[in-house]
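One letter stands for each residue in the lines below.
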Amino acid sequence: MYPLAAQREFSAYGLSHTIVLGVFVVGAVAVVWFGREYRDAPVAWWFSRVFGALTLAVYLLIYVYLAIPPAVERSVPLRLTDLATLVAAYALWSHRRWAYALTYYWCLTLSTQALISPALESPDFPHHEFLAFWAIHLAVVWAAIYLTWGLGMRPDWGSYRIAVAATVVWVAITYVFNTLADTNYGFVNGKPTTPSLLDVLGPWPWYLASVTALLLVVWALMTWPWTRREASGG
């Protein structure tokens, strides 16, 4: 009999995906409860650092594994997932405002989108590509949730500007690299082959403008309630 992973490809909203989404919900509730329960205790600071260190360690392990043998189309850390993971790990470790800003906006929108419409073409659980994909995407979204609703960090309009500026720089650099190297990091130069939310935002390159407009509005809506609450003294 062949191994189970060799017989079945991952399918969005199949059994394994549904279980992953359930794990995500349980984990999100757990980190919020833990952060609120121990926010003012040293254990919350230590948990945040351990969480950050583990996130970085898992990312580096996955990156090294996938980068051997090196290949230009998959070994360059230009995916937004790469940057979001590194930033989330640093935000957990340091609680720096700029790192938190990128974690909040990138992970709660772009990484969460990967949970909803995963661009994953690999054998199903327990294949290593399946485990690597979900380990990273779950960790970074949990990080944003823990820092915001667990530890009480909040975005402001300065955070919004940091996220917009960093994203524009990333898109520009990635587009140039993709063009020169004939790659498609970040789906900046073309849509993924798997179904995604980009399918309803128009063809390339127009969907880049649609995504930009959508993110500007969504990120503003993600900022406004916190700034309004602070202005009203809430």
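About the cut-offs
- Residues numbered from 1 in each chain as written.
- Predicted model: local features only at pLDDT ≥ 70, side-chain atom pairs only at ≥ 80, totals over all residues.
- Heavy atoms only, no water.
- Phe/Tyr/Trp six-rings, centres within 6.5 Å; stacked < 30°, edge-to-face > 60°.
- Helix = DSSP H or I, 4+ residues; strand = E, 2+ residues; numbered from the N terminus.
- Buried < 20%, exposed > 50% of the residue type's maximum accessible area, 1.4 Å probe, protein only.
- Core = buried A, V, L, I, M, F, W, Y, C linked by side-chain atoms within 4.5 Å.
- Contact = heavy atoms within 4.5 Å.
- Axes fitted to C-alpha atoms, helices over the stretch in contact; angles between N-to-C directions.
- Parallel < 35°, antiparallel > 145°, perpendicular 65-115°, else oblique.
- Left-handed = near helix turned anticlockwise from the far one by under 90°.
- Salt bridge = Lys/Arg side-chain N within 4 Å of Asp/Glu carboxyl O.
- Expected span 1.5 Å × (residues − 1).
- Polar contact = N/O pair within 3.5 Å; in protein donor to acceptor, adjacent residues only side chain to side chain.

A. Inspection of the packing of aromatic side chains at higher detail. In the structure shown here, the tally under the stated rule is 21 aromatic pairs. Ring geometry for Phe34 versus Phe47: centroids 4.6 Å apart, planes at 45°, classification tilted. Of this pair, Phe34 sits in helix 2 (residues 15–37) while Phe47 sits in helix 3 (residues 42–66), and the two are 13 residues apart along the sequence. You can call Phe47 partly exposed: its relative accessible area is 29%. These aromatic residues form a ring-pair network of at least three members: Trp33, Phe34, Tyr38, Phe47, Phe51 and Tyr146.

B. Representation of the nonpolar core. Counting 50 residues, the largest nonpolar core has Trp134, Ile145, Tyr146, Leu147 and Trp219 as the members making the most contacts within it. Contributions of two or more residues to this core are made by helix 2, helix 3, helix 4 (80–94), helix 5 (97–116), helix 6 (128–150), helix 7 (157–181) and helix 8 (206–231). A total of 13 residues in this core trace back to one element, the largest contributor, which is helix 6. When neighbours within four sequence positions are excluded, Trp134 is seen to be in contact with Phe10, His17, Val20, Ala114, Leu115, Pro118 and Leu120.

C. Molecular detail of the packing of helix 4 against helix 5. At a minimum axis separation of 9 Å, helix 4 and helix 5 run at an interaxial angle of 135°. By the angle between their axes, helix 4 is oblique relative to helix 5. The two elements helix 4 and helix 5 cross, and the hand of that crossing is left-handed. Residue-level inspection shows Leu80, Leu83, Ala84, Val87, Ala88, Tyr90 and Ala91 of helix 4 in contact with helix 5, the latter providing Trp98, Ala99, Tyr100, Leu102, Thr103, Trp106, Cys107, Leu110 and Ser111.

D. Highlighting the pattern of salt bridges. Scanning the entire structure with this criterion turns up two salt bridges. Arg8 is the salt-bridge partner of Asp124, the closest N and O atoms lying 3.1 Å from each other. One end of the pair, Asp124, is in the loop between helix 5 and helix 6; the other, Arg8, is in the loop between helix 1 (4–7) and helix 2, with 116 residues separating them in the sequence.

E. Just the environment of Ala88, in detail. Mapped onto the elements of the fold, Ala88 is located in helix 4. Each C-alpha atom of the pair Ala88 and Trp142 lies 9.5 Å from the other, and the pair is 54 residues apart in sequence. Beyond its immediate sequence surroundings of up to four residues, Ala88 is in contact with Thr103, Cys107, Val140 and Ala143.

F. Representation of helix 7 in the model. The terminal C-alpha atoms of helix 7, which comprises 25 residues, lie 36 Å apart, in line with the 36 Å expected from a rise of 1.5 Å per residue. Among all positions of helix 7, only Ser159, Tyr160, Ala163, Thr167, Trp170, Thr174 and Asn178 are buried. The N-capping residue of helix 7, defined by a side-chain oxygen 3.0 Å from the backbone nitrogen of Gly158, is Asp156. At the C-terminal side of helix 7, Asp182 shows a positive phi close to 60°.

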